Amino acid sequence: MKNFTIIAMLLLSLGVVSVIPFSDAAEANQICIDKVWIENSKGKIACVIPTTADKLVQRGWGTLLDDVTPVDESLTGLEKELTLLSEHDGGVGPLTITPIIGETTKQYFEFYIPGTEELDENEMRIFACGTGSPWVMIGQAASCFLLQTADGHNLIFDLGGGSVGNLNTLGIPGNEMTHVFASHLHVDHIGGLPTFWGQAFMMGRSAPIELYGPSGPDEHLGTSAFVDGFMENWAWDLESKRGEAPKSVHQINVHEFDYSVTQVVYEKDGLTVTSFPAVHAIDGPVSYRIDWNGMSVIYSGDTTLNDFLLENSMNVDVLILQVSPSAEQMSRLFGFSPELATKLTSHVHIAPEAAGVAFYVTQPRLPVIFHMNLFDDEIVPDAYTNIRKYYDDPVVIAQDRTVINVTPDYAVIRQAQVDPLTTPAYTPFGEIDEEKVYFFSDWLEESIVDVEQLKQEIDDGKK
Ligand SMILES: [Zn+2]
Ligand SMILES: [Zn+2]
């Protein structure tokens, strides 16, 4: 991958820009994450990183598409807010009309560039590593939020499919990002675990994964049983690497707790993670509350609106709430019957209007919603309009790589600008502490080509 980046950079520096795919689309109607639209002389458009766009414009290959229409000054209220939101749809900026809440005491760049900002001692950073649903898109992974504190906590809440790629863009060394809190065992919340587990061999994470997760209505539906099955399913992967790295690389330490009890499930250096029951699909799911430095964050996981959630979320600093499209949108988008769409939004998930009610009742400093696939132009305006029926204060619609800095005095909401080809930060392994068990059969071993010998024969023949 590194070589590819170098080649791409070389091509650009040489002025060879044919590697940029201009599409046949007539207008910029697709999602262009963390990039900008540019149009060439034939009217074709491409979504490129800003530095590439600059080079292309300098060389006269294209012009920047001005897809940000100035907001009509005569607009007011909801109409104005929806217009402002539409400017940032697609990861260009954060999906909120209030990117700064409170008075900031330090300067922030417009975008968050991983590795370039230290946290102040009273500051935490929330990174949306996945904001979608089971339906994973390149522009939107399934559920995942990373919470970082100034004193070094890096806690992952859910690890849905596709989210590991987002986490890797942060370049956090493997041994410093090992704690995963699963809200429940739906694939869109834990489907990234095989990748997170398996990539350790390449990235040099030698500390085991510490997986926190709920019990289930039956023993075989709990997190411990899930990890036992996981290890059985990945036995070949495990054996193929045994003896090549310390065994801790492949270890998952499970911390299963009773889903039905509100209790502290993790505590370190003054930070606590409390689990409380969520109401979603069948028994087992939980929501989490994190308390650190006098601030509190709720990560709801998947749930429908319930008493536990309201009680634990009162006046929290950040309420990260799972919200689905409204029943009308679910029917329109997926062809669900009105009955099924209503059930999904009122008994399995939280509909936007109910989210507005939850925010009105709990009055968080910053409400954040996630779990809507943002592929359709009507989803955001519909959700926002429905939330606004009950709640007038700031709301953030999380997109992948939305970054929220929070201190007791203010919150700053931005998008990260990342290098999509960033590799995980590598940490060298410690001592290898186990022996390889499986080897090639002799007949496979014997079939391995002696490349040196073959090269010699080819070289000799050329003489
Ligand atoms: Zn779920
Ligand atoms: Zn889900």
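If you're wondering where the values come from, they're calculated on a predicted model, not measured in any experiment.

Let us look at the coordination of the zinc ion (ligand 2). Around the zinc ion (ligand 2), the protein contributes the donor atoms Asp188 (OD), His189 (NE2), Asp302 (OD) and His371 (NE2), which lie 2.0 to 2.1 Å from the metal centre. Given four donor atoms and angles of 87 to 157° at the metal, the environment of the zinc ion (ligand 2) is assigned as irregular. In primary sequence terms, the donor set of the zinc ion (ligand 2) follows D-H-x112-D-x68-H. The metal-metal distance between the zinc ion (ligand 2) and the zinc ion (ligand 1) is 3.5 Å, with Asp302 coordinating both. With Asp188 in helix 5 (residues 187-190) and Asp302 in the loop between strand 14 (295-299) and helix 10 (307-313), the pair connects residues that are 114 residues apart, well separated along the chain.

A word on the coordination of the zinc ion (ligand 1). The expected angle between donors at a tetrahedral four-coordinate metal is 109.5 degrees. At an octahedral six-coordinate metal it is 90 or 180 degrees. Ligation of the zinc ion (ligand 1) by protein atoms is provided by His184 (NE2), His186 (ND1), His280 (NE2) and Asp302 (OD), these donors lying 2.1 to 2.3 Å from the ion. Because the angles between the four donor atoms bound to the zinc ion (ligand 1) fall within 93 to 160°, the donor set is best described as irregular. Here the donor residues of the zinc ion (ligand 1) are spaced in sequence according to H-x1-H-x93-H-x21-D.

Moving on: a negative patch on the surface. On the surface, Asp218, Glu219, Glu256 and Asp258 cluster together into a patch of negative charge. Its location among the elements puts Glu256 in strand 10 (residues 252-257). Its relative accessible area of 35% is what places Glu256 among the partly exposed residues.

As a further point, take a nonpolar patch on the surface. On the surface, Met314, Tyr360, Val361 and Tyr390 cluster together to form a nonpolar patch covering roughly 400 Å² of accessible area. Given the relative accessible area of 53%, Tyr360 is considered exposed.

A few words on helix 11 (residues 327-334). If you check which residues of helix 11 are buried, you get Ala327, Gln329, Met330 and Leu333. Here the buried residues of helix 11 occupy an arc of 160° about the axis, which is enough to place them on one side. Those residues of helix 11 hidden inside the fold are in contact with helix 12 (338-348) and helix 14 (379-387).

Let's shift gears to the nonpolar core. Counting 34 residues, the largest nonpolar core has Ile126, Phe157, Phe181, Val273, Tyr288 and Ile320 as its most contacted members. At four residues, strand 13 (residues 286-292) tops the list of elements feeding residues into this core. Ile156, Val164, Leu193 and Leu211 belong to the second largest nonpolar core, which has 27 residues in total.

Ordered by their spatial adjacency, three strands build an open sheet running 2-1-3, and the pairing between neighbours is antiparallel. Two strands close off the open sheet at either side, each with one partner strand: strand 2 (45-48) and strand 3 (62-64). Each neighbouring strand pair of the sheet contributes to a mean axis angle of 35°, computed without reference to strand direction. Note: strand 1 (residues 36-40) against strand 3, three bridges, orientation antiparallel. By the bridge assignment, Ile38 is partnered in strand 3 with Leu64.

Glycine aside, residues mostly have negative phi, and peptide bonds are mostly found in the trans state. One non-glycine residue, Asn293, lies in the positive phi region at around 55°. Summarising the element assignment, Asn293 is placed in the loop between strand 13 and strand 14. By relative accessible area, which is 38% here, Asn293 ends up partly exposed. Here the phi dihedral of Gln363 falls at roughly 50°; this positive angle occurs in a residue that is not glycine. With respect to the helices and strands, Gln363 occurs in the loop between helix 13 (352-362) and strand 16 (366-370).

Conventions we followed
- Residues numbered from 1 in each chain as written.
- Chains lettered and ligands numbered in written order.
- Predicted model: local features only at pLDDT ≥ 70, side-chain atom pairs only at ≥ 80, totals over all residues.
- Heavy atoms only, no water.
- Donors = N, O, S within 2.8 Å, 3.2 Å for Na, K, Ca; no water.
- Tetrahedral: all angles 85-135°; square planar, octahedral: opposite > 155°, others 65-115°.
- Helix = DSSP H or I, 4+ residues; strand = E, 2+ residues; numbered from the N terminus.
- Patch = residues over 30% accessible without salt bridge, like charges linked within 9 Å, V, L, I, M, F, W, Y side chains within 5 Å.
- Areas by Shrake-Rupley, 256 points an atom, 1.4 Å probe, with all protein chains shown as cover.
- Salt bridge = Lys/Arg side-chain N within 4 Å of Asp/Glu carboxyl O.
- Lys, Arg positive; Asp, Glu negative; His and termini not counted.
- Charge placed at Lys NZ, Arg CZ, Asp CG, Glu CD.
- Buried < 20%, exposed > 50% of the residue type's maximum accessible area, 1.4 Å probe, protein only.
- Arc of directions from axis to C-beta.
- Contact = heavy atoms within 4.5 Å.
- Core = buried A, V, L, I, M, F, W, Y, C linked by side-chain atoms within 4.5 Å.
- Pairing = 2+ DSSP bridges.
- Axes fitted to C-alpha atoms, helices over the stretch in contact; angles between N-to-C directions.

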